[in-house]
Amino acid sequence: MAKVELKKLFKTYNKKIKALEDINLTIEDGQFFVLLGPSGAGKTTTLRCIAGLEKIDSGDVLFNDENITHDQPASRDVSFVFQQYSLYPHYTVYENLAFPLRSPMRKLPDEEIKNKVEKIAEMLKITNKLKNKATELSGGEMQRVAIGRALVREPNIYLMDEPLSSLDAKLRETLRVELKNIQLNLNATILYVTHDQAEATTLADKIGVLKEGKIVQIGTPEEIYENPNSIYVSQRLGSPKINILPGSLFKLDNNIPKIGLRPENIELGDGPYEGKIISIENLGSETVVAINFQDNEILASIQGSYKSSINEKINFDINTNKVLKFDNGDQRIHER
Amino acid sequence: MSVKKKFKGLSDKAVGWLFIGPTVLLLLAINIYPLVYAIKMSFTNFYANKIGREPQFVGLKNYIKVLNKEAIWEKMQVTASFMFWTLLLQAIIGLGLALLLNRKFKGNELLTTLIVLPMMLSPAVVGVFWTYLYNPQVGLFNYVVNFFYDLGSFDMIGSSTLAPWAIVIVDTWMWTPFTMLICLAGLRSVPNYLYEAAEVDRASKWQQFIYITLPSVLPFLLLALLFRGIENFKMFDMVVELTSGGPGSATELASINLKREAFEKWKTGYSSAFAVILFVTIFGFGNVYVKVMNKIKER
Ligand SMILES: Nc1ncnc2c1ncn2[C@@H]1O[C@H](COP(=O)(O)OP(=O)(O)O)[C@@H](O)[C@H]1O
Ligand SMILES: [Mg+2]
């Protein structure tokens, strides 16, 4: 496995669509790095540039400090789980998994190929499907084979493009846990791309937040959650979503244009502020209460259930220490 | 019955029949009726030129005669070898051209159009046209061959060893575009991400061809060859125009022999039996071929 660095990467499509602008990031050897961003942010493009499937306009790609910007995909030795299932349709699951091992650049003996394929199939619970044709699988199985085909070898880096997004919720959760275990066992370097915040927080050692082709913040999941440097980043993590409100709404010391208030930092039942309940949503372990406060909708979440009813008046307080302050440009104001 | 009911219109089924009716009638008239008539004739000693003589039922006599005639097997061999070489060449060259044209380069579309042109000509015209090309004195073909390799004077059509190749070359020239077009459709249907996946998996170009390209185009190629096979089994016009089956009977395909028996010697009953045998042969081979092809497609 390798350390992977991107330096001042620029990429435009058809000479006008700016897909990536000045991407700088370092993925340490053995790190699980998650790129988080909405659709169209440039996640897939970033992966394709690292794999060598797209020509970049300028910038450098480094593997273990070696510049490989102009190398062919094959010589870069990366593995890629594509967003869409890209299995070889005319072959069995076994052949699909064995395919990367049959490369002339690797040439393993059949016996060793068999061992590796069976091991990976067991890990992904597709052993009983090995003889199936790739097209005779459910969506979930196909994606597991695609992941298996990537994991069957030890490349410089595993590139994964929303590998779980097309699976149902239960399978997604199972595979998420498995993927993290596999990564820890293999001490693998992974660049994982997703728009799903749950995946990002549970999997990542480091998260890079991508916005319209630019990286706006890099940090651990905790840093991104607790210490976002802009409103955009603050909205990437957290469910229910962070409340973005005018700063004048609460009694805070100085003039602050906007504040971000996480739902769990609101205490209900007592306090200086009075609003009206719009809705109560019981999610089992927590309850989300929507409050109308001076024509702003505020979401609060509390442990357990909450006894009240809609249109009731409600008093609440906020945890001022946890309030995130933003300027007019939606950037974070840091206390000195 | 109310007026309204009377004009209520036709049922779906009736509309369906109305649409396919004319076609069915036409097929019955020009395909099925002659077939049935030929089958009937094949059991008689009918001579179409002997008017007034009532044909008599002779049982399987015509069939036995056809199958016992050595010359028939020679014609079948001529047909078989014509088919073998045309199909082989058209498969290889057609696929090769398709692979080339599937790449993106300038003038790609124009080149495709040019290559496809021969296919659009009438076989009789092609026959005449190539008769000139093959002319030993003034023909372009001999000139070009001699330009690359000095063979001296040779006559493609006049020589009984070269004539079978002459018709193979013309048919290949004319119909390779057909296999090429169909292969090209197959190649275009392969999603690009498969090649990208293979590239990342460090497969060689050869492995990409074997694992991705070939299995994807094979069903298309086989379908093209089925069409070509059926056509060439019945091949008539182009070869008649070019060699008339000669010299001697070097290029006398089964179909040409059949025409001679039927319309030069007027052995109508006998040639009907021959025609039925040819029909059953191609029908049988065709069916087996389609079965095999579907097996391959399922793979
Ligand atoms: N092949 C392409 N040609 C032109 N534009 C593209 C192409 N691929 C992606 N783009 C554009 O580049 C931007 C980033 O796309 P992409 O990397 O696929 O985003 P994501 O994977 O985050 O959804 C988008 O605006 C998209 O429309
Ligand atoms: Mg994408």
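Predicted model, so just to flag it, every value in this text is computed and none were measured.

Let us look at the sheet that holds strand E7 (residues 158-161) of chain A. Residues and elements named next belong to chain A. Taken together, 6 strands build an open sheet; the order of strands is E6-E7-E8-E3-E9-E10 and the sheet is mixed. The two strands at the open ends of the sheet, each matched to only one other strand, are strand E6 (79-81) and strand E10 (214-219). Averaged over all adjacent pairs, the angle separating strand axes in this sheet is 15°, with direction ignored. Where strand E9 (residues 206-211) meets E10, 5 bridges bridge the pair, whose relative direction is antiparallel.

Residues and elements named next belong to chain A. Donor atoms from the polypeptide that coordinate the magnesium ion (ligand 2) comprise Thr44 (OG1) and Gln83 (OE1), at 2.0 to 2.6 Å from the metal. One end of the pair, threonine 44, is in helix H1 (residues 43-51); the other, glutamine 83, is in the loop between E6 and helix H3 (93-98), and 39 residues separate them in sequence. Accessibility expressed as a relative area gives 27% for threonine 44, which makes it partly exposed.

What follows is about the domain arrangement of chain A. Residues and elements named next belong to chain A. Taken as a whole, chain A is organised into domain 1 (4-236) and domain 2 (243-326). The distance between the C-alpha centroids of domain 1 and domain 2 comes to 38 Å. Contact residues are listed per partner, giving 8 residues for domain 1 and 7 residues for domain 2. For the domain 1 and domain 2 pair, buried surface summed over both sides reaches about 650 Å², with 57% attributable to carbon and sulfur atoms. Looking at the side of domain 1 facing domain 2, the largest losses of area belong to Tyr225, Ile231 and Ser234, adding up to 71% of the total buried there. Where domain 1 touches domain 2, the interface holds 0 salt bridges. In this structure, the connection of domain 1 to domain 2 is made through 3 residue pairs in polar contact (both at pLDDT 80 or more). For the side of domain 1 that touches domain 2, the secondary-structure elements that each account for two or more residues are helix H8 (221-226) and helix H9 (231-234). With 3 residues, the top contributor of residues to the side of domain 1 that touches domain 2 is H8. Looking at side-chain class alone, the side of domain 1 that touches domain 2 contains 4 nonpolar, 3 polar and 1 charged residues.

Let us now look at the site of ligand 1. Residues and elements named next belong to chain A. Taken together, Tyr13, Asn14, Ile17, Ala19, Pro38, Ser39, Gly40, Ala41, Gly42, Lys43, Thr44 and Thr45 are the residues near ligand 1. Note that an oxygen atom of ligand 1 is positioned 2.6 Å from one of the side-chain N or O atoms of threonine 44. In this structure, an oxygen atom belonging to ligand 1 sits 2.5 Å away from a side-chain N or O atom of threonine 45. Elements supplying a minimum of two residues to the shell around ligand 1: strand E2 (17-27) and H1. The element best represented in the shell around ligand 1 is H1, accounting for 3 residues. Class assignment for the residues of the shell around ligand 1 results in 5 nonpolar, 6 polar and 1 charged.

Residue-level contacts link 31 residues of chain A with 20 residues of chain B. Of the roughly 2,200 Å² buried between chain A and chain B on both sides combined, carbon and sulfur atoms contribute 57%. Linking chain A with chain B are 4 salt bridges. In this structure, aspartate 201 of chain B and arginine 149 of chain A form a salt bridge, with 3.5 Å as the shortest nitrogen-oxygen distance.

Side chains that carry opposite charge are capable of pairing whenever their charged atoms lie near each other. Under the criterion given, the structure shown has 27 salt bridges over all chains. Taking the shortest distance from any N to any O, the salt bridge between glutamate 264 of chain B and arginine 260 of chain B comes out at 4.0 Å. Taking relative accessible area as the criterion, glutamate 264 of chain B reaches 48% and is therefore assigned partly exposed. Bridged by salt links that share partners, the residues Asp77, Arg149 and Arg153 of chain A together with Asp201 and Arg202 of chain B form one connected network.

Attention now goes to the sheet that holds strand E17 (residues 324-326) of chain A. Residue and element names in this part refer to chain A. If you trace the 3 strands from one edge of the open sheet to the other, you get E11-E12-E17, paired in antiparallel fashion. What marks the edges here is a single partner per strand, and that holds for strand E11 (243-246) and E17. Neighbour-to-neighbour, the strand axes of this sheet turn through a mean angle of 30°, independent of strand direction. When strand E12 (residues 258-261) meets E17, the two strands line up antiparallel, connected through 3 bridges. Of the residues in E17, the one forming a bridge with lysine 258 is phenylalanine 326.

Here the focus is the packing of aromatic side chains. Following the criterion strictly, the structure yields 27 aromatic pairs over all chains and no others. Where phenylalanine 129 of chain B meets tryptophan 173 of chain B, the ring centres are 5.9 Å apart and the plane angle is 40°; that geometry is what we call tilted. Of the two residues, phenylalanine 129 of chain B is situated in helix H6 (residues 123-133) and tryptophan 173 of chain B in helix H8 (residues 163-188); the sequence distance between them amounts to 44 residues. We classify phenylalanine 129 of chain B as partly exposed; its relative accessible area is 39%. Between tryptophan 175 of chain B and phenylalanine 178 of chain B, the ring centres sit 6.2 Å apart and the planes meet at 85°, which makes this aromatic pair edge-to-face. You can see tryptophan 175 of chain B and its partner phenylalanine 178 of chain B sitting in helix H8, 3 residues apart, about one turn around the helix. Judged by its relative accessible area of 18%, phenylalanine 178 of chain B is buried. An aromatic cluster of at least three residues, connected via ring pairs, comprises Phe129, Trp130, Tyr134, Phe141 and Trp173 of chain B. A cation sits over an aromatic face here: arginine 149 of chain A above tyrosine 88 of chain A, 4.6 Å from the ring centre. Across the ring face of tyrosine 232 of chain A, the terminal group of lysine 211 of chain A is positioned such that the distance to the ring centre comes to 4.9 Å.

What follows deals with the environment of valine 200 of chain B. Turning to its location among the elements, valine 200 of chain B is positioned in helix H9 (residues 192-200). Looking at valine 200 of chain B, the relative accessible area reads 1%, which means it is buried.

A surface patch of like charges, here negative, comprises Glu222, Glu223, Glu226 and Glu264 of chain A. Residue class for glutamate 226 of chain A comes out partly exposed when judged on its relative accessible area of 47%.

How each quantity is defined
Residues numbered from 1 in each chain as written. Chains lettered and ligands numbered in written order. Predicted model: local features only at pLDDT ≥ 70, side-chain atom pairs only at ≥ 80, totals over all residues. Heavy atoms only, no water. Pairing = 2+ DSSP bridges. Helix = DSSP H or I, 4+ residues; strand = E, 2+ residues; numbered from the N terminus. Axes fitted to C-alpha atoms, helices over the stretch in contact; angles between N-to-C directions. Donors = N, O, S within 2.8 Å, 3.2 Å for Na, K, Ca; no water. Buried < 20%, exposed > 50% of the residue type's maximum accessible area, 1.4 Å probe, protein only. Domains from an automatic or database assignment. Contact = heavy atoms within 4.5 Å. Buried area = accessible area lost by both parts, 1.4 Å probe. Salt bridge = Lys/Arg side-chain N within 4 Å of Asp/Glu carboxyl O. Polar contact = N/O pair within 3.5 Å; in protein donor to acceptor, adjacent residues only side chain to side chain. Nonpolar A, V, L, I, M, F, W, Y, C, P; charged D, E, K, R; others polar. Near = heavy atom within 4 Å. Phe/Tyr/Trp six-rings, centres within 6.5 Å; stacked < 30°, edge-to-face > 60°. Lys NZ or Arg CZ within 6 Å of the ring centre and 35° of its normal. Patch = residues over 30% accessible without salt bridge, like charges linked within 9 Å, V, L, I, M, F, W, Y side chains within 5 Å. Areas by Shrake-Rupley, 256 points an atom, 1.4 Å probe, with all protein chains shown as cover. Lys, Arg positive; Asp, Glu negative; His and termini not counted. Charge placed at Lys NZ, Arg CZ, Asp CG, Glu CD.

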